[in-house]
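Coordinate inspection notes
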Amino acid sequence: MSDKVLMKGNEAIAEAAIRAGCRHYFGYPITPQTEVAAYMAKRMPKIGGVFLQAESEIAAINMVYGVAGTGRRVMTSSSSPGVSLKQEGISYIAGSDLPCLIVNVQRGGPGLGGIQPSQSDYFQATKGGGHGDYHLIVLAPSSVQEMADMTSKAFDLADKYRMPAMLLADGTIGQMMEPVKLAEPVEHPFVEKEWAVTGTKMQREHHIVNSLYLVPEQLEKKNFERYERYKKVEENEVIYESFMMDDAEYCVVAFGIAARVSKNAVVAARKEGIKVGLIRPVTLWPFPKKVLSETAEKVKGFLSVELSMGQMIEDVKLATSCRRPVGLCRRSGGMIPSPDEVLEAIKNMQRGEE
Amino acid sequence: MTTQILIAGFGGQGILFAGKFLANKGLVEGKQLSWLPSYGPEMRGGTANCSVVLSDEPIGSPIVTKPDVLIVMNLPSLDKYEDAVVPGGKIFVDSTLIERKVRRRDVDAYYIPATQLAQQNGIPTLANMILLGKVMRESDFTPYEGIEEAVRTVVSAKHADLFDVNLKALELGHSFE
């Protein structure tokens, strides 16, 4: 265990990003993700990277847009109100088919809301957020180790599919410390990407990075092409964790910190003889539809556990085509359900069924 | 074995630092662990608390709602968390700062005048570590051996001069009858 270090989730994101070859960070401080920026401010100047505290979140995301156009690894991080401000830029980046990483360490909303943990930006992250037809790859870490691993994964996927990726964390995972094993730093010699805007030196045709298509036939064609790529992402990149599902009669669905709490409840319920398991979506987009659909054939009911008024539950219902009842255990505004509350909801689900 | 520890008091008493020490102690032992601070407005002059879970198994929730071990450094924290402690659990009270006794009969209560001891020994900011010394003596979730390595990690290089006094504080608590 000596190769493990104790780190906050936010610090693990920053260190993992640097190790994944990211040398450009643009951000603006906001609780509970400020440690990402603070870490970058300390480290980037020492390794020839760029840390820039922008004048606003809107400026920061447009700086990300600029660097992404050159094909370099680039990121920004914020928390819920700040990520709302970034939505226009995110839509432009998606519309320009550029890779980048956006981190959202969520806090309670709407509006300025509070600073305590939340998952109520699920809709914003997975259903668009900005305008137009687009998706982000959305990864939901539930431990400090995954904060590191998913950061590096997000950069790889963003590059592979030429699209923005989002790490959707929450205040708890951002603030907590756990032992983490960091990947060896990857030296990414800059590979000229065939589409990158890096200057022609009068040697080649211009590359154009743009999201404006005034001829509707062209814009439609672009969108269809993009959705062909999204289809591949949905086919190839789904990640989920299955916990005690082998003989389960009931299935809890939860991600991030809600999944951690739910695990305790599942273990407690098992001690009381209730056959329940947990499916934890790790990718929220692409959503693990197939496994949930298959699970609907085996279980009597689902329970969505969320730090929101109920957002992911809609995807659970869609994925299972409402073939089984889907209950909801929720807290909002920065509150987190206790394992006892989740256990009670599991028992309610069982009583409702039998 | 899984031990859920909750440390609570005022901001500035070293609540989070105490938790970090236990977390680093767990790391030295090769245990699974999580450390979760309270963050936000209550930190600035109000109450602070810190959840630490040490376990031989992967840890589920890092949020301690039913502590096996409760360490309190002010009255509001004892009032707030006393009822949450599991039956058979342990409560450690800084009796310099908290006058009342623990009301529960189904837990073990320990009273240590940690703040007074700290002042008498010229280490006024280390009542937190004195309490932890006593906690480690009365609990078996982590051995007392190996404290040096954990202190070295948690005391940053910049404050290496504080290494000895932290050990002294732990020892004061550990030998307190």
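About the criteria used
Residues numbered from 1 in each chain as written. Chains lettered and ligands numbered in written order. Predicted model: local features only at pLDDT ≥ 70, side-chain atom pairs only at ≥ 80, totals over all residues. Helix = DSSP H or I, 4+ residues; strand = E, 2+ residues; numbered from the N terminus. Rg over C-alpha atoms; globule rule 2.2 N^0.38 Å. Buried ≥ 20, exposed ≤ 12 C-beta atoms within 10 Å, placed from the backbone. Pairing = 2+ DSSP bridges. Axes fitted to C-alpha atoms, helices over the stretch in contact; angles between N-to-C directions. Contact = placed C-beta atoms within 7 Å. Nonpolar A, V, L, I, M, F, W, Y, C, P; charged D, E, K, R; others polar. Parallel < 35°, antiparallel > 145°, perpendicular 65-115°, else oblique. Left-handed = near helix turned anticlockwise from the far one by under 90°. Arc of directions from axis to C-beta. Domains from an automatic or database assignment. Core = buried A, V, L, I, M, F, W, Y, C linked by C-beta atoms within 7 Å.

Each helix and strand counted, chain A has 13 helices and 14 strands in total. For a compact globule of 354 residues, the expected C-alpha radius of gyration is about 20 Å, and chain A comes in at 21 Å, within 12% of that figure. Projected onto its principal axes, the C-alpha positions of chain A cover 75 × 50 × 35 Å. In chain A, which comprises 354 residues, the share counted as buried stands at 52%.

What follows covers the sheet that holds strand β13 (residues 301-306) of chain A. Residue and element names in this part refer to chain A. One open sheet holds the 5 strands; their spatial order is β9-β11-β10-β13-β14, and the pairing between them is mixed. Both edges of this open sheet fall to β9 (240-243) and β14 (326-330), since each of them pairs with a single strand only. The average angle at which neighbouring strand axes cross in this sheet is 20°, direction not considered. In this structure, β13 lies alongside β14, joined through 5 bridges in parallel fashion. The partner of E306 across the bridge, within β14, is R330. The sheet contacts of helix α12 (residues 312-319) involve β10 (250-253), β13 and β14, and relative to β13 the element is tilted by about 155°.

Further remarks concern the environment of L172 of chain B. All names here are of chain B. Along the chain, L172 falls in helix α6 (residues 163-174). Judged by C-beta crowding, with 22 C-beta atoms within 10 Å, L172 ranks as buried. Once the C-alpha coordinates of L172 and P124 are considered, the two residues, 48 residues apart in sequence, prove to be 13 Å apart. Apart from the residues within four sequence positions on either side, L172 is in contact with L117, N121, I130 and G133.

Contacts between the two partners involve 20 residues from chain A, matched on the other side by 16 residues from chain B. Elements that contribute at least two residues to the side of chain A that touches chain B include exactly α8 (171-175), β8 (177-180) and α10 (256-271) of chain A. The biggest single contributor to the side of chain A that touches chain B is α10 of chain A, with 5 residues. Of the residues that constitute the side of chain A that touches chain B, the class distribution is 11 nonpolar, 5 polar and 4 charged.

All right, on to the sheet that holds strand β5 (residues 100-106) of chain A then. Residues and elements named next belong to chain A. Reading across the sheet, the 7 strands line up as β3-β2-β4-β5-β7-β6-β12 and stay open at both edges, with mixed pairing between neighbours. What marks the edges here is a single partner per strand, and that holds for β3 (50-53) and β12 (283-285). Neighbour-to-neighbour, the strand axes of this sheet turn through a mean angle of 20°, independent of strand direction. Where strand β4 (residues 74-78) and β5 come together, 4 bridges link them in parallel fashion. Residue pairing in the sheet places M75 in a bridge with L101 of β5.

Residue and element names in this part refer to chain B. For the pair helix α1 (residues 15-28) and helix α5 (residues 147-154), the least separation of the axes is 8 Å and the interaxial angle reads 125°. When the interaxial angle is binned, α1 and α5 end up oblique. In the crossing of α1 with α5, the sense of the turn from one axis to the other is right-handed. Only I147, E149, A150, V151, T153 and V154 of α5 make contact with α1, whose side of the interface consists of F17, K20, F21, N24, K25 and V28. When its residues are assigned to classes, the contact of α1 with α5 shows 7 nonpolar, 2 polar and 3 charged.

Residues and elements named next belong to chain A. Where helix α1 (residues 9-19) meets helix α7 (residues 144-161), the closest approach of the two axes is 8 Å, and the angle between their N-to-C directions is 30°. When the axes of α1 and α7 are compared, the pair comes out roughly parallel. The hand of the α1/α7 crossing is right-handed. Across from G9, A12, I13, E15, A16, A17 and R19 in α1, the residues of α7 making contact are V144, M147, A148, T151 and S152. Its residues assigned to classes, the contact of α1 with α7 shows 7 nonpolar, 3 polar and 2 charged.

The next subject is the environment of Y230 of chain A. By secondary structure assignment, the location of Y230 of chain A is in helix α9 (residues 216-236). Sequence separation between Y230 of chain A and E184 of chain A is 46 residues; the distance between their C-alpha atoms is 30 Å.

Another point: α12 of chain A. Because the α-helix completes a turn every 3.6 residues, residues three or four places apart line up on one side. Residue and element names in this part refer to chain A. Residues of α12 that are buried include every one of M312, I313, D315, V316 and A319, and no others. The buried side chains of α12 occupy one side of the element, clustering within an arc of 160° when seen end-on. Taken from the residues just after α12, S321 is the one with a positive phi, measuring 50°.

Below, the discussion takes up the domain arrangement of chain A. All names here are of chain A. With domains assigned, chain A is organised as domain 1 (5-199 + 223-236) and domain 2 (240-353). The straight-line distance from the C-alpha centre of domain 1 to that of domain 2 is 27 Å. Taken together, the contact between domain 1 and domain 2 spans 27 residues of the former and 22 residues of the latter. Those elements that place two or more of their residues in the side of domain 1 that touches domain 2 are α6 (122-126), β6 (137-139), β7 (164-170), α8 and α9. Sorting elements by how many residues they give to the side of domain 1 that touches domain 2 places α6 first, with 4 residues.

The next subject is the nonpolar core. Core analysis: the largest hydrophobic core is formed by 160 residues, its most contacted members being V64, L101 and I346 of chain A together with I130 of chain B. Sequence-distant contacts of L101 of chain A, that is, excluding residues within four places in its chain, are made with A17, M75, A154, F155, A158, A165 and L167 of chain A.

Okay, unusual backbone geometry next. Residue and element names in this part refer to chain A. Following G109, the chain continues into P110 via a peptide bond in cis, with omega recorded as 5°. Looking at the secondary structure, you find P110 in the loop between β5 and α6. Residue P286 follows W285 across a cis peptide bond; omega there is 5°. Following the sequence through the fold, P286 ends up in the loop between β12 and α11 (289-296). If you check the backbone angles, D97 has positive phi at about 55° while not being a glycine. The residue D97 is located in the loop between α5 (87-95) and β5 in this model. In this structure, S321 takes a positive phi of about 50° despite not being glycine.

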